[in-house]
Amino acid sequence: SQNYLKFRNTAKFCLDNLVDFDANELVAPEDMLPLDRWAVTRLNGLLEKIYAAYDEYEFHIVYHAINKFCTIELSKLYIDITKDRVYTGKTTGAPRRSAQTAMYFVLSGLVRLLAPIISFTAEEMWQAIPHKATDKCESVFLNDMPAYDEALCFSDVAEKWNKLFELRDDVMKALEIARAEKLVGKSLEAKVTIYTKDAEMLSLLRGFGKELNTVFIVSGVTLSEGDAPEAAHTEGTSGVGVLV
């Protein structure tokens, strides 16, 4: 039942942010923001696993793979990071429309993937989704499964963001420690300093620029080459120290 609620809540978040979206005017893949490209790349990776499981009638693999995608890739990462952009961004602004395009691909794909398993819920979701002119709106079951799309695969982008998300876990842990110590309240009240002796990691982080603020949901990020001070709040598994 908890997994079922996760499916519903994920769909609800996407639907809430697609009420003013026209599915016939999608943002071109090359114009989407990097994080949105990461999301659709992960969706394409999920499709390959799901199709293989359906071919073997291994429905439990389908169910668990989609639940993991909703829990980790979407709720923990993508939705958590983009919610401010879709809530507060200019309605017709490129950043918000880029996120809406990614959410449309994700939601439309997930509903069709889940239709053989939770048929009635998938049908209800399908009636609420914005549709392209080529969709058969009457029923989700009159439409094909989502197709693997090479144009929506950005392996280079995904690789960079996956490395950043490994580090994000350490930053989130440091923020939790700082909250427990009453140093900060909400994460946006915090500024973090990231220490690392790894030149490759440092170069990767610098490449994200101010986007690090958005990914870590903090007001500022400073990068420092070298060992973390004793006051650092965590020495994470990614090989960095984080001071809040």
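For the structure itself, look to the data block above.
Right, let's walk through the structure included here. (Residues numbered from 1 in each chain as written. Predicted model: local features only at pLDDT ≥ 70, side-chain atom pairs only at ≥ 80, totals over all residues. Heavy atoms only, no water.)

Looking at the secondary structure, you find His 131 in the loop between helix H5 (119-128) and helix H6 (155-180). Separated by 2.8 Å, the side chain of His 131 and the backbone oxygen of Trp 126 make a polar contact. Non-local contacts of His 131, meaning those with residues more than four positions away in its chain, are made with Ala 23, Asn 24, Trp 126 and Cys 137. (Helix = DSSP H or I, 4+ residues; strand = E, 2+ residues; numbered from the N terminus. Polar contact = N/O pair within 3.5 Å; in protein donor to acceptor, adjacent residues only side chain to side chain. Contact = heavy atoms within 4.5 Å.)

The final tally for this structure, using the stated rule, is nine aromatic pairs. Measuring from centroid to centroid gives 4.8 Å for Trp 38 and Phe 165, while their planes differ by 70°, and the two rings are edge-to-face. Of the two residues, Trp 38 is situated in helix H2 (residues 34-55) and Phe 165 in helix H6; the sequence distance between them amounts to 127 residues. In this structure, Trp 38 and Phe 165 share a single accessibility class: buried. Grouped by ring-pair contacts, the aromatic residues Trp 38, Trp 161, Phe 165 and Phe 208 constitute a single cluster. Over the aromatic face of Phe 154 sits the side chain of Arg 37, whose NZ or CZ is 5.4 Å from the ring centroid. (Phe/Tyr/Trp six-rings, centres within 6.5 Å; stacked < 30°, edge-to-face > 60°. Buried < 20%, exposed > 50% of the residue type's maximum accessible area, 1.4 Å probe, protein only. Lys NZ or Arg CZ within 6 Å of the ring centre and 35° of its normal.)

Next up on the list: H5. Three or more residues of H5 are buried, namely Thr 121, Ala 122, Met 125 and Trp 126. Buried residues of H5, viewed axially, fall in a sector of 140°; they line one side. Opposite the buried face of H5, at more than 90 degrees from it, the exposed residues are Phe 120 and Glu 124. Lining the buried residues of H5 we find helix H1 (2-16) and helix H4 (94-114). (Arc of directions from axis to C-beta.)

Further remarks concern the pattern of salt bridges. All told, the structure shown has 11 salt bridges when counted by the stated rule. In this structure, Glu 73 and Arg 42 form a salt bridge, with 2.5 Å as the shortest nitrogen-oxygen distance. A residue pair is termed long-range when its members are at least 10 positions apart, and Glu 73 in helix H3 (residues 59-88) and Arg 42 in helix H2 qualify at 31 residues. A salt bridge links Lys 163 to Glu 159; the nearest nitrogen and oxygen atoms lie 3.9 Å apart. Of this pair, Lys 163 and Glu 159 both sit in helix H6, separated by four residues, roughly a single helical turn. In this structure Lys 163 comes out as partly exposed when scored by relative accessible area, which is 33%. Looking at Glu 159, the relative accessible area reads 47%, which means it is partly exposed. (Salt bridge = Lys/Arg side-chain N within 4 Å of Asp/Glu carboxyl O.)

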